[in-house]
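Coordinate inspection notes
Each chain, letter by letter, is given below.
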Amino acid sequence: MFSLQNVSKKFGGNVVLNNVSLDVNRGDVVAILGPSGSGKTTLLRCAGYLTKADSGTLVIGDEQYDMKKISAKDLRNYRRRVGFVFQTFNLYGNKTALGNVTLGLRVSQKMPKDEAEKIGRSLLERVGLADRMDYYPSKLSGGQQQRVAIARALATNPEVVFFDEPTSALDPELTGEVLTVIKQLADEGRTMIVVTHEMEFAKKVATRVVFMEDGEIVEENTAKEFFEHPQKERTKEFITKSSTWAAVEGKAAE
């Protein structure tokens, strides 16, 4: 139901994405892993038309789009079908949690205030923030701000939600509350693509795992097969090093 085909992107002379293709089925939770600079965030940003790809095709449902150029009308229609959760929350500081969640519904979709707020309140309750609806971002913890951002991304009932390292700006205690919300969405069958460095999350929640390096997909498999029977030596090395580092971090946290 969602597909990226032959996506390429350069920044200057640096090839960041080299002819990358990815198919996502309805209900998939695809975790994209890889070292820093592997192209995983750029791929996600291209998929959200936040960064313009040099070439490639995007398919969602029965619609197909050129990733290098898209009309303003098509872009508006496409963005109603997807949600995006950023690393750094990107909330409006002059709006409450409820105001942030409902802004897109009221401005882009011209939804009446009462109807938008009904949706917003329901979503904030869903992410555990029923008692924080009237709080401004400055009065919320990082984990709470990210949960507001997740509620905002869900407001249009998107077909696919993109998460760009949603816990990278959080300390370990707050990371858990955000990952719990994402797991709940996965359990509900929500289609998601998650760029993450959280290996345990990828292992336990993802249906499929993609490993990227140097702008290419090195290996792709079910989460179980990816972690238990990696096929490429580079993948084995990455899993081993990441697991070792996670164990060190865990001991440090204790």
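For the structure given in this document, a descriptive report is provided here. (Residues numbered from 1 in each chain as written. Predicted model: local features only at pLDDT ≥ 70, side-chain atom pairs only at ≥ 80, totals over all residues. Heavy atoms only, no water.)

Of the regular secondary structure elements, the chain holds nine helices and 10 strands. On C-alpha atoms alone, the chain measures out to a radius of gyration of 18 Å, which is about the 18 Å that the 2.2 N^0.38 rule sets for 254 residues. Expressed along its principal axes, the backbone C-alpha trace of the chain runs to roughly 55 × 50 × 35 Å. Every one of the 254 residues in the chain was classed for burial, and the buried ones make up 49%. Here the analysis covers contacts within the chain between residues at least 6 apart in sequence; of these, 65% occur between residues at least 24 apart. Put simply, the chain has 35 plus and 34 minus side-chain charges, and the middle of one group is 6 Å from the middle of the other. (Helix = DSSP H or I, 4+ residues; strand = E, 2+ residues; numbered from the N terminus. Rg over C-alpha atoms; globule rule 2.2 N^0.38 Å. Buried < 20%, exposed > 50% of the residue type's maximum accessible area, 1.4 Å probe, protein only. Contact = heavy atoms within 4.5 Å. Lys, Arg positive; Asp, Glu negative; His and termini not counted. Charge placed at Lys NZ, Arg CZ, Asp CG, Glu CD.)

Let's shift gears to the sheet that holds strand S4 (residues 55–60). Ordered by their spatial adjacency, four strands build an open sheet running S2-S1-S4-S5, and the pairing between neighbours is antiparallel. One side of each edge strand has no neighbouring strand; the edge strands of this open sheet are strand S2 (14–24) and strand S5 (63–66). Within this sheet the neighbouring strands show an average axis-to-axis angle of 15 degrees, counted without direction. Where strand S1 (residues 2–11) meets S2, seven bridges bridge the pair, whose relative direction is antiparallel. (Pairing = 2+ DSSP bridges. Axes fitted to C-alpha atoms, helices over the stretch in contact; angles between N-to-C directions.)

What follows deals with the packing of aromatic side chains. Two aromatic rings, taken as a pair, are described by how far apart their centres are and by the angle between their planes. In the structure shown here, the tally under the stated rule is seven aromatic pairs. Both rings, one in tyrosine 65 and one in tyrosine 78, keep their centres 5.6 Å apart while their planes meet at 65 degrees; by these two values the pair is edge-to-face. On the criterion of sequence distance, the pair formed by tyrosine 65 in strand S5 and tyrosine 78 in helix H2 (residues 72–79) is long-range, its members being 13 residues apart. Residue classification places tyrosine 78 among the buried positions, given a relative accessible area of 0%. Ring plane angle 40 degrees and centroid distance 4.7 Å describe the contact between phenylalanine 211 and phenylalanine 238, whose orientation is recorded as tilted. With phenylalanine 211 in strand S9 (residues 208–213) and phenylalanine 238 in helix H9 (residues 233–253), this residue pair connects regions lying 27 residues apart in the sequence. Since its relative accessible area comes to 0%, phenylalanine 211 is described here as buried. (Phe/Tyr/Trp six-rings, centres within 6.5 Å; stacked < 30°, edge-to-face > 60°.)

Three or more residues of helix H3 (residues 97–107) are buried, namely Ala97, Leu98, Gly99, Asn100, Val101, Thr102 and Leu105. Check the buried side of H3 and you find it contacts helix H4 (113–126) and helix H5 (142–154).

Attention shifts here to the pairing of strand S6 (residues 82–85). Burial of S6 is two-sided: the residues Val82 and Phe84 facing one way and the residues Gly83 and Val85 facing the other way are all buried. Bridge count for S6 against strand S7 (residues 160–164) is four bridges, and the pairing is parallel. Counterpart to valine 85 in the pairing with S7 is phenylalanine 163.

In terms of nonpolar packing, the biggest core is built from 37 residues, with Leu124, Val148, Ile150, Phe163, Ile182 and Met192 touching the most fellow members. Sorting the residues of this core by element identifies H3, H4, H5, S7, helix H6 (172–187), strand S8 (192–195) and helix H7 (199–205) as the ones contributing at least two each. At seven residues, H6 tops the list of elements feeding residues into this core. When near neighbours in sequence (up to four residues on either side) are disregarded, isoleucine 182 contacts Ile150, Phe163, Pro166, Met192 and Phe201. Of all hydrophobic cores here, the second largest spans 30 residues; its members include Leu17, Leu22, Leu44 and Ile193. (Core = buried A, V, L, I, M, F, W, Y, C linked by side-chain atoms within 4.5 Å.)

Bear in mind that shape data such as this cannot, by itself, settle questions of function.
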